[in-house]
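A structural walkthrough
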There are 2 protein chains.
Amino acid sequence: MAEQDLTELEQEAPREDGAELDEENRLKPQFVNAVIEALDQGDESRAYELVEPLHPADIADLFELLERDQRRRLAAAITDLLTGEVIAELNDYVRDDMMEALPASAVAEIAEQLDTDDAVQLIEDLEPEDQRAILAEMEPEDRAAIESALSYPEESAGRLMQRELVAVPEHLSVGDLIDYLREHDELTTEFWEVFIVDHTHKPVGTCQLSWILRTPRQIPLADVMKRDQTLIPVTMDQEEVALRFQKYALISAAVVDEDGRLVGQITVDDVVHIIQEEADEDVMLLSGAGEGDINEPIRESYSARVRWLMANLITASVASFVIYRFEGVLAQLITLAVLMPIVAGIGGNAGTQTLAVTVRALATNQLTSSNSWRAVRRELSIALLNGLSLALVTGTAVSILFADWSLGLPAGIEWHLGLVIGLAMMANILIAGMAGVVVPLTIERFRADPAIASSIFVTMTTDSMGFLVFLGLAVATGLVN
Amino acid sequence: MAEQDLTELEQEAPREDGAELDEENRLKPQFVNAVIEALDQGDESRAYELVEPLHPADIADLFELLERDQRRRLAAAITDLLTGEVIAELNDYVRDDMMEALPASAVAEIAEQLDTDDAVQLIEDLEPEDQRAILAEMEPEDRAAIESALSYPEESAGRLMQRELVAVPEHLSVGDLIDYLREHDELTTEFWEVFIVDHTHKPVGTCQLSWILRTPRQIPLADVMKRDQTLIPVTMDQEEVALRFQKYALISAAVVDEDGRLVGQITVDDVVHIIQEEADEDVMLLSGAGEGDINEPIRESYSARVRWLMANLITASVASFVIYRFEGVLAQLITLAVLMPIVAGIGGNAGTQTLAVTVRALATNQLTSSNSWRAVRRELSIALLNGLSLALVTGTAVSILFADWSLGLPAGIEWHLGLVIGLAMMANILIAGMAGVVVPLTIERFRADPAIASSIFVTMTTDSMGFLVFLGLAVATGLVN
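This structure is a prediction, so every number in the text was calculated from the model and none was measured.

1. Side note on the overall build of chain A
The secondary structure content of chain A amounts to 23 helices and 6 strands. Against the 2.2 N^0.38 benchmark of 23 Å for 481 residues, chain A shows a C-alpha radius of gyration of 30 Å, more extended than a compact globule. Each principal axis of the C-alpha distribution contributes one length, and for chain A these read about 95 × 65 × 45 Å. Counting the 481 residues in chain A, one finds 57% classified as buried. For chain A, restricting intrachain contacts to residue pairs at least 6 apart in sequence, the fraction spanning at least 24 positions comes to 66%. Approximately 19,300 Å² of chain A is accessible, and the part contributed by carbon and sulfur atoms is 54%. For chain A, the distance from the average position of its 32 positive side-chain charges to the average position of its 82 negative side-chain charges is 8 Å.

What follows is the structure, encoded as structure tokens:
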């Protein structure tokens with residue numbers, strides 16, 4: 001470590017060399033264990049020495065990898081390394097847990113180092129009384145900015161934006177702007193474009209920094225700026241914000257209030273987290289895993305997941321009720337009970353495939369009412385091909401295998417059985433394809449999130465219809481009576 | 001439209017006002033239909049008039065919403081609106097389809113307008129002979145840049161980077177840099193930081209543009225630049241690149257070759273697409289939906305999905321084989337056949353929940369070997385709680401319902417049946433929780449992608465074990481013999 005400390009005095013070591021990181025840029029288990037060992041031995045200065053060379057984002061990762069009590073002990077050991085940058089990078093649950101353990105004055109001190117958006121994230125999930133205690137410790141100006149941000153709905157642009165930005169009037173020249181930037185020390189350094197505003201503080205244009213740097217001093221800003229810009233209303237949902245950033249390849253964007261006045265900016269580094277979160281949210285919703293965060297308290301994970309399982313218990317009961325109606329049929333030919341889960345299961349898989357494609361296409365605005373009919377046709381074509389393939393394979397396999405294996409099946413019945421399972425498979429895969437695209441489209445039309453309830457409906461359909469079609473065809477074709 | 005054209009002369013209309021877009025920033029179906037109608041009537045100038053006011057990203061969306069033949073007709077009608085920006089925003093499949101329809105010289109002309117990374121994207125998926133024909137039409141310099149990019153592996157940093165960047169030696173002052181930027185017209189305007197390099201063109205530091213603008217002319221760059229920067233090796237996989245951008249909140253980053261020399265830069269707007277793609281990829285892999293793109297040719301979608309369904313057919317057959325071994329048991333008490341899909345199905349759902357959480361935590365580097373034991377304990381705790389809840393509800397429900405409904409069940413047997421299904425449910429949910437976390441962790445340890453095969457293994461386990469435990473317990477507890 002001594003050598004590394006030496007380098008630190010001259011310059012930070014380039015990240016690629018970090019001996020603490022493995023080839024995928026994750027903290028090495030040996031390193032994490034060394035920190036835990038130091039904490040367990042009560043050797044706080046050793047823990048400090050180990051953690052000090054890390055990048056803030058890696059310190060945040062370290063906290064996430066530790067157990068709850070280890071986190072608190074580490075926080076105590078390295079308090080002055082616990083900068084705003086570390087806090088901003090922490091997982092929500094880990095951060096809330098750590099903030100609850102710190103005194104209000106310490107949290108207030110950290111919050112004051114941060115941009116508004118990060119400070120808001122720091123305290124928005126805390127209990128109201130804790131929030132009040134922390135805000136009371138802050139400078140009036142910072143406090144006002146945070147209180148105003150908290151007045152916007154959760155997951156809105158107002159929560160996401162930072163108030164720190166550079167806005168100048170249109171009549172300036174490039175040279176004036178550069179002088180202004182050099183003279184005002186209090187301005188943020190975190191900006192990627194300069195917003196040009198009129199006298200009522202409404203945005204009239206925007207100037208990417210590279211354009212300013214490439215332009216002679218005497219040229220007026222009005223000649224360099226782009227008038228066409230994406231304005232984000234302060235109440236816009238964060239998912240919408242992320243879609244705009246993606247669609248228009250934005251690095252930052254102006255946030256405006258209901259009167260069209262510039263009130264903040266959103267930068268792409270915050271949006272990157274949201275894109276990740278929103279995509280994750282769909283994975284989790286489709287599988288009923290709640291927030292699906294490995295740092296979520298067990299109680300919350302249990303509560304989200306058990307609700308989903310209970311809902312599935314109901315849909316499974318519907319399927320069982322279908323079977324119950326065919327008890328007499330099953331008693332005649334018990335082999336039907338052996339084969340029926342295959343029809344239901346493959347239908348379920350086919351439905352899930354279509355559902356995943358449809359839900360993500362809806363979430364990314366690739367599927368709209370303009371092309372939904374095409375999507376339905378497309379899914380049905382694929383279902384038809386899949387259904388034919390699976391029907392052929394399953395039907396043939398059953399016809400052959402059950403000729404040999406059959407426990408007292410009447411001779412020649414295996415071909416009939418193969419035909420019934422093939423037809424049922426075909427039908428259920430078509431039903432699955434239809435349900436997988438129509439259910440989420442319908443839910444979306446009612447302006448609900450198609451990721452939430454779709455898979456319950458689709459599974460119920462494929463399960464129940466799988467049993468119904470298979471057992472029903474067995475009766476209808478005279479395999480049993 | 002006349003009014004809008006007038007505004008166009010003065011300034012581009014701000015996007016928020018676009019009459020073509022709905023409140024979620026998607027093209028309105030009425031607008032899309034108007035374009036289709038104009039194309040169907042052969043009224044190319046009307047189609048042009050409609051499309052002209054659109055932002056390039058919206059023109060790209062319009063192409064994606066059309067049918068294949070409509071796309072080609074629209075492309076013919078609005079050729080000069082088909083700029084590099086539009087092409088870069090197009091969905092991969094739609095773009096390849098359109099490029100195949102254009103002559104090589106037209107594609108070459110479009111490619112020359114683009115940054116290297118976008119030009120590479122334009123032609124990388126075309127047939128080798130088409131690629132050669134297009135490259136032959138290009139300026140030698142552009143051609144060399146693209147050929148060199150194509151020499152890097154697919155989905156690597158080398159494909160993703162643009163060669164256009166600003167790199168200057170360390171001895172310059174801020175004023176020298178600004179003069180250099182103003183004097184060299186050929187430099188790119190798409191840069192967010194300036195890279196400082198030594199005489200061998202190795203990066204020694206980086207300067208965010210806002211720092212340059214905030215600093216007096218005479219200050220040397222060496223005093224402003226940050227020496228600690230994230231360097232991306234040219235062969236790094238794009239998923240890794242995206243994780244670095246996220247972790248360190250990067251806007252752009254230097255790409256270096258194996259000798260550490262600066263060869264390109266990657267900017268966050270390209271990474272944003274990758275984060276989306278990689279998260280989508282996990283949704284699709286978990287559900288076996290291949291690429292899962294609604295613009296993917298049907299043949300490719302069918303081929304990816306049918307393979308998955310065939311694999312699931314094998315696992316479903318394993319489960320059926322378990323039932324087959326219990327045929328005699330089922331014949332004794334057909335009610336077991338009615339209830340067995342519930343045990344298997346709920347187990348499958350519970351396994352999917354755990355799997356989704358584990359796969360995403362692995363993909364985002366939140367789950368590493370340092371905390372995998374904690375994750376296993378966590379999932380087992382949740383499984384225990386879920387198992388107890390579901391066992392209680394199902395066991396009780398079966399005991400009560402089957403007392404009323406039973407078709408010839410021996411008196412009092414419903415309690416025994418309730419006990420058996422409750423215990424089986426408990427066991428299968430625990431098995432599901434264990435499989436859902438251990439299977440992906442094991443696959444990851446063997447350096448394979450846990451999203452691909454995990455769900456096949458987990459479903460096979462929960463299905464087979466569901467039937468085995470339920471029917472096995474029925475025999476073991478003497479419900480049947």
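Read on for the rest.
2. Things to note about the interface of chain B and chain A
Listed as interface residues are 145 residues of chain B and, on the opposing side, 145 residues of chain A. Where chain B abuts chain A, roughly 13,300 Å² becomes buried across the two surfaces, and 58% of that area is made up of carbon and sulfur atoms. Among the residues chain B hides against chain A, the three largest losses belong to L213, R214 and I294 of chain B. Together they make up 7% of the total. The tally of links between chain B and chain A comes to 14 salt bridges. Where chain B meets chain A, there are 67 residue pairs in polar contact (both at pLDDT 80 or more). Top contributing element to the side of chain B that touches chain A by residue count: helix α20 (residues 335-363) of chain B, with 17 residues.

3. Thoughts on the relation of the copies chain B and chain A
The two copies are related by a screw operation: chain B maps onto chain A through 180° of rotation and 0.0 Å of translation along the axis, at an RMSD of 0.1 Å. On this basis, the relationship between the two copies can be described by a two-fold rotation axis. Taken together, the interface assignments show that 100% of the residues at the interface of chain B recur at the interface of chain A, consistent with an identical surface on both copies.

4. Brief notes about the environment of P140 of chain B
All names here are of chain B. Tracing the chain through its elements places P140 in helix α11 (residues 140-150). Classification of P140 as exposed rests on a relative accessible area of 62%. Sequence spacing of P140 and A104 is 36 residues, and the spatial spacing of their C-alpha atoms is 16 Å.

5. Let's talk about the sheet that holds strand β3 (residues 203-208) of chain A
Residues and elements named next belong to chain A. If you walk across this open sheet you meet the 3 strands as β1-β2-β3, and the pairing is mixed. Either end of the sheet is taken by a strand with one partner, and the two such strands are β1 (167-169) and β3. Averaged over all adjacent pairs, the angle separating strand axes in this sheet is 30°, with direction ignored. Of the pairings in the sheet, the one linking strand β2 (residues 193-197) to β3 comprises 5 bridges and is antiparallel in character. If you follow V194 over to β3, its bridge partner there is C207.

6. Points about the sheet that holds strand β6 (residues 262-267) of chain B
Residues and elements named next belong to chain B. Pairing is mixed across the open sheet formed by 3 strands, whose spatial order is β4-β5-β6. Each end of this open sheet is capped by a strand with a single partner; those strands are β4 (231-233) and β6. Ignoring which end each strand starts from, the neighbouring axes of this sheet average 35° apart. Both β4 and strand β5 (residues 252-256) contribute to a ladder of 3 bridges, which runs parallel. Looking across to β5, one finds that I232 is bridged to V255.

7. Some thoughts on the state of the cysteines
As used in these notes, a disulfide is a covalent bond between sulfur atoms, one from each of two cysteines. This structure, assessed with the given rule, holds 0 disulfides over all chains. Just so you know, C207 of chain A is unpaired, no disulfide at all, and the nearest cysteine sulfur is the one on C207 of chain B, 19 Å from it. In this structure C207 of chain A comes out as buried when scored by relative accessible area, which is 0%.

8. Points about the pairing of β3 of chain A
In terms of burial, β3 of chain A is largely enclosed, as 5 of its 6 residues are buried. Connecting the antiparallel pair β2 of chain A and β3 of chain A is a turn made up of 5 residues, with H201 of chain A showing a positive phi of about 65°.

9. Some words on helix α5 (residues 68-77) of chain A
Along α5 of chain A, the residues classified as buried are Q70, R71, L74, A75 and A77 of chain A. Seen end-on, α5 of chain A carries its buried residues on one side only, within an arc spanning 160°.

10. What to know about the domain arrangement of chain A
Residue and element names in this part refer to chain A. Entries for chain A in the domain assignment read domain 1 (2-160), domain 2 (167-283) and domain 3 (298-476). Each of domain 2 and domain 3 has a C-alpha centre, and the two are 50 Å apart. Contact residues are listed per partner, giving 6 residues for domain 2 and 7 residues for domain 3. When the two sides are added together, the surface that domain 2 and domain 3 hide from each other amounts to roughly 440 Å², 44% of it contributed by carbon and sulfur. Viewed at the interface, domain 3 and domain 2 are joined by 1 salt bridge.

11. Observations regarding the UniProt feature "domain: CBS" (unreviewed entry) in chain A
Following the UniProt record, one finds the feature "domain: CBS" (unreviewed entry) at residues 225-281 of chain A. Counted over residues 225-281 of chain A, helix gives 42% and strand 25%. Its end C-alpha atoms are 38 Å apart.

12. Digging into the confidence of the model for chain A
Residue and element names in this part refer to chain A. A residue-level look at chain A finds 95% of positions with pLDDT of 70 or above and a mean pLDDT of 88. The spread of mean pLDDT over the elements of chain A runs between helix α1 (residues 2-10), the lowest at 36, and strand β5 (residues 252-256), the highest at 96. Low pLDDT (under 50) marks residues 1-17, which in the prediction has 21 contacts with non-local residues, meaning those over four places away or in another chain.

13. Points about empty space enclosed by the protein
On inspection of all chains with the given rule, the structure shows 10 cavities of 30 Å³ or more. Roughly 1,000 Å³ of internal volume is contained in the largest cavity. The wall of the largest cavity is formed by 47 residues, among which N349, T352 and T459 of chain A together with N349 and T352 of chain B lie closest to the centre. Of all the elements in the fold, those that place two or more residues in the lining of the largest cavity are α17 (268-287), α18 (298-325), α20 (335-363) and α23 (450-476) of chain A together with α17 (268-287), α18 (298-325), α20 and α23 (450-476) of chain B. Considering each element in turn, the lining of the largest cavity owes the most residues, 10 residues, to α20 of chain A. Residues that form the lining of the largest cavity fall into these classes: 25 nonpolar, 20 polar and 2 charged.

14. As for the side chain of R305 of chain A
Position of R305 of chain A among the secondary structure elements: in helix α18. Residues within four places of R305 of chain A in sequence aside, it is in contact with G288 and A289 of chain A together with Q353, T354, V357, R378, E379, I382 and N386 of chain B.

15. Thoughts on the packing of α18 of chain B against α23 of chain B
Residues and elements named next belong to chain B. Where α18 meets α23, the closest approach of the two axes is 8 Å, and the angle between their N-to-C directions is 15°. Taken together, α18 and α23 sit at an angle that is classed as roughly parallel. Every pair of crossing elements has a handedness; the one defined by α18 and α23 is right-handed. Along the contact surface, α18 presents W308, A311, N312, T315, V318, A319, V322 and I323, while α23 presents I452, S455, I456, M460, D463, S464, F467, L468 and L471. Of the residues that constitute the contact of α18 with α23, the class distribution is 12 nonpolar, 4 polar and 1 charged.

16. As for the UniProt feature "transmembrane region" (unreviewed entry) in chain A
Residue and element names in this part refer to chain A. Sites flagged by UniProt as "transmembrane region" (unreviewed entry) map to residues 332-359, 380-403, 415-439 and 451-476. As a span, residues 380-403 carries 100% helix and 0% strand, and end to end its C-alpha atoms are 33 Å apart. Here residues 415-439 runs as 100% helix and 0% strand, with 35 Å between its end C-alpha atoms.

What counts, and at which threshold
Residues numbered from 1 in each chain as written. Chains lettered and ligands numbered in written order. Predicted model: local features only at pLDDT ≥ 70, side-chain atom pairs only at ≥ 80, totals over all residues. Heavy atoms only, no water. Helix = DSSP H or I, 4+ residues; strand = E, 2+ residues; numbered from the N terminus. Rg over C-alpha atoms; globule rule 2.2 N^0.38 Å. Buried < 20%, exposed > 50% of the residue type's maximum accessible area, 1.4 Å probe, protein only. Contact = heavy atoms within 4.5 Å. Areas by Shrake-Rupley, 256 points an atom, 1.4 Å probe, with all protein chains shown as cover. Lys, Arg positive; Asp, Glu negative; His and termini not counted. Charge placed at Lys NZ, Arg CZ, Asp CG, Glu CD. Buried area = accessible area lost by both parts, 1.4 Å probe. Salt bridge = Lys/Arg side-chain N within 4 Å of Asp/Glu carboxyl O. Polar contact = N/O pair within 3.5 Å; in protein donor to acceptor, adjacent residues only side chain to side chain. Least-squares fit on C-alpha atoms with pLDDT ≥ 70 in both. Pairing = 2+ DSSP bridges. Axes fitted to C-alpha atoms, helices over the stretch in contact; angles between N-to-C directions. Disulfide = S-S within 2.5 Å. Arc of directions from axis to C-beta. Domains from an automatic or database assignment. UniProt positions renumbered as here; feature names shortened; annotations may be inferred. pLDDT = per-residue confidence, 0-100. 1 Å grid on protein atoms, 1.4 Å probe; cavity = no way out; pocket = protein on both sides within 12 Å on 5 of 7 lines; lining within 4 Å. Points joined across faces, edges and corners; volume = space filled by probe spheres on them. Nonpolar A, V, L, I, M, F, W, Y, C, P; charged D, E, K, R; others polar. Parallel < 35°, antiparallel > 145°, perpendicular 65-115°, else oblique. Left-handed = near helix turned anticlockwise from the far one by under 90°.

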